[in-house]
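Commentary on secondary and tertiary structure
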Amino acid sequence: MTTLVRDIDIIRDQFPILQQEVNGKPLVYFDNAATAQKPRKVIDAISDYYSTINSNVHRGVHTLSQRATDSFEGARTRIAKHLNAGDPHQIIFTRGTTEGINLIAYSFGQTLKSGDEIILSALEHHSNIVPWQMLAERKGLTIKVIPMNDAGELDMEVYASLLSKRTALVSVNHISNALGTINPVEEIISLAHEVGAVVHIDGAQSVPHMKVDLQKLDVDLYTFSAHKAYGPTGFGVLFGKRSLLEAIPPFHGGGEMIETVTFEKTTYAGLPHKFEAGTPDIAGAIGLAAALDWMEEVGLDNIAFQENDLLSYATEQLMGLGGITLYGTAAKKAGVISFNVDSVHPYDTGVILDKLGIAVRTGHHCTQPIMDRFGIPGTVRASFAIYNTRVEVDRMIEGLKKVKQMFL
């Protein structure tokens with residue numbers, strides 16, 4: 001099933017923010033890899049929570065607390081179903097992908113010892129580099145990096161050679177936020193498991209754009225953020241296999257995550273509460289559940305079709321423009337395109353496009369090692385969502401023609 005062009009207007013009408021002008025021009029929003037816009041279904045779900053059932057969850061016996069608890073835990077079940085995660089208790093709520101990775105680095109990191117090795121990839125966001133460096137410094141660990149080729153694809157032969165009995169963890173992203181490369185995570189997971197390593201996948205850029213089946217992947221740990229998947233900011237998910245989550249210590253201490261507390265000793269609650277100290281982001285969970293409902297109503301295949309069509313069209317138009325260098329030309333890509341107008345700083349390109357109402361991201365995209373690999377300070381990044389159109393791509397191309405006229 002594919003999205004018909006005439007349906008896009010119906011989809012766009014569900015996003016209030018898209019109905020505005022920026023600098024006197026209709027908004028073209030091509031910054032979806034940073035955060036996606038929110039449909040009315042999500043906005044209404046969050047508003048309805050605060051308007052009708054706002055109350056703290058779990059221990060309350062009054063009606064509003066029970067309703068809030070039902071909605072909150074119902075969201076956990078909904079999220080688990082969307083990801084085919086199995087037991088909803090394996091779904092841990094976080095503030096986002098970054099906190100999920102830090103949780104793993106702290107809690108799983110407690111089980112590691114000097115001499116253990118962690119494998120990352122050259123395509124990682126800083127959030128999947130820095131926590132591991134901090135852990136390595138504390139514990140005396142070694143970090144190894146899977147290199148990439150000029151197309152932005154990981155060298156899987158080198159990866160296989162890096163694996164050993166000393167490999168404790170492999171942590172890579174599913175899709176590169178800077179280049180759009182879709183990594184072969186199934187093979188990465190399988191090879192790591194052969195040497196007994198635990199695998200974490202950063203799904204921040206995959207959950208919004210494709211069907212993710214956690215049981216099929218057989219991944220140990222998986223993280224993502226709601227705000228990139230049409231949901232609210234400040235909310236995320238960590239999936240972990242039950243045996244692993246039960247074996248590692250909590251990340252935060254406080255209320256909710258305890259079973260008993262005395263001044264002599266505290267015992268911890270079972271999953272998922274063991275990792276969810278304090279009052280949770282109840283509205284965030286409800287908002288993410290509504291976002292996943294919306295995505296499934298639109299159809300994940302339809303989302304992928306539209307974004308892939310835009311990627312192909314934008315790539316063709318950019319290459320036809322001349323004077324454009326593309327970064328990240330992997331055979332398997334998501335709807336992200338990074339480029340520079342030759343000799344023009346990406347910031348300058350972004351400013352001109354913004355004057356024309358076109359929102360793109362410029363800079364290193366929290367992937368400085370990637371930029372160093374290409375010898376550049378950054379790129380212009382256009383990233384697509386289901387509500388974007390070819391007409392909007394054409395407007396960006398016209399904007400880039402003006403950039404060339406001004407600077408070249």
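The present account deals with the structure reproduced in this document. Computed from a prediction, not measured in an experiment: that's the story for all the values here. (Residues numbered from 1 in each chain as written. Predicted model: local features only at pLDDT ≥ 70, side-chain atom pairs only at ≥ 80, totals over all residues. Heavy atoms only, no water.)

Let's talk about the packing of aromatic side chains
Enumeration over the complete set of coordinates arrives at 11 aromatic pairs. Ring centres of F93 and F235 lie 4.9 Å apart, and the angle between their planes is 55°; this geometry places the pair in the tilted category. Separated by 142 residues along the polypeptide, F93 in strand β4 (residues 91–94) and F235 in the loop between β9 (221–225) and β10 (236–240) bring together distant segments of the chain. For the pair F93 and F235, one class covers both residues: buried. Three or more aromatic residues link up through ring pairs in this structure, and these residues are F15, Y230, W294 and Y387. In this structure, R76 is placed above the aromatic ring of F93, and the distance from its NZ or CZ to the ring centre is 4.3 Å. (Phe/Tyr/Trp six-rings, centres within 6.5 Å; stacked < 30°, edge-to-face > 60°. Helix = DSSP H or I, 4+ residues; strand = E, 2+ residues; numbered from the N terminus. Buried < 20%, exposed > 50% of the residue type's maximum accessible area, 1.4 Å probe, protein only. Lys NZ or Arg CZ within 6 Å of the ring centre and 35° of its normal.)

What about the sheet that holds strand β8 (residues 198–202)?
Pairing between the strands of a sheet is mediated by backbone hydrogen bonds and can be parallel or antiparallel. Pairing is mixed in the open sheet, where seven strands are placed in the order β4-β10-β9-β8-β7-β5-β6. The sheet terminates laterally at β4 and β6 (142–146), the two strands that pair on one side only. Across this sheet, the average inter-strand angle for adjacent strands is 20°, counted without regard to direction. Pairing between β9 and β10: five bridges, direction antiparallel. Bridge pairing in β10 links S225 to G236. (Pairing = 2+ DSSP bridges. Axes fitted to C-alpha atoms, helices over the stretch in contact; angles between N-to-C directions.)

Considerations on the pairing of β10
Where burial is concerned, most of β10 is hidden: five out of the five residues are buried. What you see with β10 is no split at all: G236, L238 and G240 on one side and V237 and F239 on the other are buried throughout. In this structure, β4 lies alongside β10, joined through four bridges in antiparallel fashion. Among the inter-strand pairings, I91 is bridged to a residue of β10, identified as F239.

Purely geometric numbers; function is a separate question.
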